[in-house]
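Structural characterization, general
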Amino acid sequence: MTGPLTPEDPTPDSLISAGTDAGQAEDTVQRVIDWYNARLTAARTGNQDPEQVATWRASRDQAADDLDRLEDADEDETVQIALVYAARLKELTQP
């Protein structure tokens, strides 16, 4: 799991753009939650490392909390959350 992006970090322009609205941010965070949920579901039938499963669970729970934060977030916080989760989604889905 990565931390918040800094101004020095590259922006995942292909996933999120300036002027992001709350709907786009929510969709991106939900896609990350879905990725973790799929891994957690698959872990029930396989021999997964318990530490990895715990990491996925904690990351999923943090994403769910951030999804809730979007309900009251101002525009700057919405964009920041969207950028963090766009980068995370890119990281999680790259081979």
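Residues numbered from 1 in each chain as written. Predicted model: local features only at pLDDT ≥ 70, side-chain atom pairs only at ≥ 80, totals over all residues. Heavy atoms only, no water.

A look at a negative patch on the surface
Taken together, the side chains of Asp21, Glu26, Asp27, Asp34, Asp65, Asp68, Glu71 and Asp72 define an acidic patch exposed on the protein surface. Of all the secondary-structure elements, those providing two or more residues to the negative patch are helix H1 (22–43) and helix H2 (50–69). Among the elements that take part in the negative patch, H1 stands out by supplying three residues, more than any other. Position of aspartate 27 relative to the elements: it lies in helix H1. (Patch = residues over 30% accessible without salt bridge, like charges linked within 9 Å, V, L, I, M, F, W, Y side chains within 5 Å. Areas by Shrake-Rupley, 256 points an atom, 1.4 Å probe, with all protein chains shown as cover. Salt bridge = Lys/Arg side-chain N within 4 Å of Asp/Glu carboxyl O. Lys, Arg positive; Asp, Glu negative; His and termini not counted. Charge placed at Lys NZ, Arg CZ, Asp CG, Glu CD. Helix = DSSP H or I, 4+ residues; strand = E, 2+ residues; numbered from the N terminus.)

Some points on the nonpolar core
Core analysis: the biggest nonpolar cluster contains 19 residues, and Val29, Val32, Tyr36, Trp56, Leu70 and Tyr85 have the highest contact counts within it. Elements that contribute at least two residues to this core include exactly H1, H2 and helix H3 (75–93). Ignoring sequence-local partners within four residues, the contact set of tyrosine 36 consists of Trp56, Ser59, Arg60, Arg88 and Leu92. (Core = buried A, V, L, I, M, F, W, Y, C linked by side-chain atoms within 4.5 Å. Buried < 20%, exposed > 50% of the residue type's maximum accessible area, 1.4 Å probe, protein only. Contact = heavy atoms within 4.5 Å.)

What to know about the pattern of salt bridges
A complete count under the given rule lists three salt bridges for this structure. A salt bridge links arginine 69 to aspartate 66; the shortest N-O distance between them is 2.7 Å. In this pair, arginine 69 and aspartate 66 both sit in helix H2, three residues apart, roughly one turn of the helix. Taking relative accessible area as the criterion, arginine 69 reaches 39% and is therefore assigned partly exposed. A single network of salt bridges, built from pairs that share partners, joins Asp66, Arg69 and Glu77.

In short, the description is geometric, and any link to function would need to be established separately.
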